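# Per-entry structural report
Chain by chain, the residues run as shown.
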Amino acid sequence: MKRIVLAAALVTALAAALPALAATPTYKGTVGPGFTITMASKPTKAGKVRLVIADKSNAHNFHLTGPGVNVKTSVSAVSASTFTVTLKKGTYTFICDPHASFMKGSFTVK
Ligand SMILES: [Cu+2]
């Protein structure tokens, strides 16, 4: 009987932990192939997020900076990259480094 209670407790603990692991929200960013840089949707809450970046040009990159975060793709490569970052309260900016004056965007985390 004790064993059954223990097993039930373990299942309950796993069931509680799994959704938390699976719940890392994913956000998609795209740069290129033209002179565009976008995020399909933007994070608004602090915490861990997964960024899936499609860098579709060898003339542009996707560079995200903000509190505690500085990740980027290569300018010279066409790539698909995934970054897991922890966002804090503040403003984050994503740019293409060679064309930062006009290829840019931002979002604010509260
Ligand atoms: Cu660019």
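The present account deals with the structure reproduced in this document. Remember, it's a predicted structure, so these values are computed and weren't measured experimentally.

Here we take up the overall build of the chain. Secondary structure summary: the chain contains 1 helix and 8 strands in total. Going from N to C terminus, the chain has its helices and strands arranged as α-β-β-β-β-β-β-β-β. Residue burial in the chain is summarised as follows: out of 110 residues, 32% are buried. Look at the contacts in the chain between residues 6 or more apart in sequence, and 55% of them connect residues 24 or more apart. With an accessible surface of roughly 6,800 Å², the chain has 63% of that area assigned to carbon and sulfur atoms.

In this section: the sheet that holds strand 5 (residues 69–72). As summarised here, the arrangement of the 4 strands in space is 5-4-7-8, forming an open sheet in which the pairing is antiparallel. Only two strands of the sheet have a single partner each, and these edge strands are strand 5 and strand 8 (104–109). With strand direction ignored, the average angle separating the axes of adjacent strands in the sheet is 15°. Pairing of strand 4 (residues 63–66) with strand 7 (residues 90–95), which is carried by 3 bridges, proceeds in the antiparallel orientation. Residue L64 lies in a different strand from strand 7, and its bridge partner there is F94.

Surrounding the copper ion are the protein donor atoms H60 (ND1), C96 (SG), H99 (ND1) and M103 (SD), at 2.0 to 2.7 Å. In terms of primary sequence, the donors binding the copper ion are separated according to H-x35-C-x2-H-x3-M. Here H60 is found in the loop between strand 3 (47–55) and strand 4, whereas its partner H99 is found in the loop between strand 7 and strand 8, with 39 residues between them in sequence. Pair check on accessibility: H60 and H99 agree, each one buried.

Attention shifts here to the environment of N61. Residue position: N61 is located in the loop between strand 3 and strand 4. With 24 residues separating them along the chain, N61 and I37 place their C-alpha atoms 8.7 Å apart. Contact partners of N61, with chain neighbours within four places excluded, come to V31, I37, D55, K72, T73, S74, V75, I95, C96, D97 and P98. There is a polar contact of 3.2 Å between the side chain of N61 and the backbone oxygen of T73.

The rules behind the values
Residues numbered from 1 in each chain as written. Predicted model: local features only at pLDDT ≥ 70, side-chain atom pairs only at ≥ 80, totals over all residues. Heavy atoms only, no water. Helix = DSSP H or I, 4+ residues; strand = E, 2+ residues; numbered from the N terminus. Buried < 20%, exposed > 50% of the residue type's maximum accessible area, 1.4 Å probe, protein only. Contact = heavy atoms within 4.5 Å. Areas by Shrake-Rupley, 256 points an atom, 1.4 Å probe, with all protein chains shown as cover. Pairing = 2+ DSSP bridges. Axes fitted to C-alpha atoms, helices over the stretch in contact; angles between N-to-C directions. Donors = N, O, S within 2.8 Å, 3.2 Å for Na, K, Ca; no water. Polar contact = N/O pair within 3.5 Å; in protein donor to acceptor, adjacent residues only side chain to side chain.

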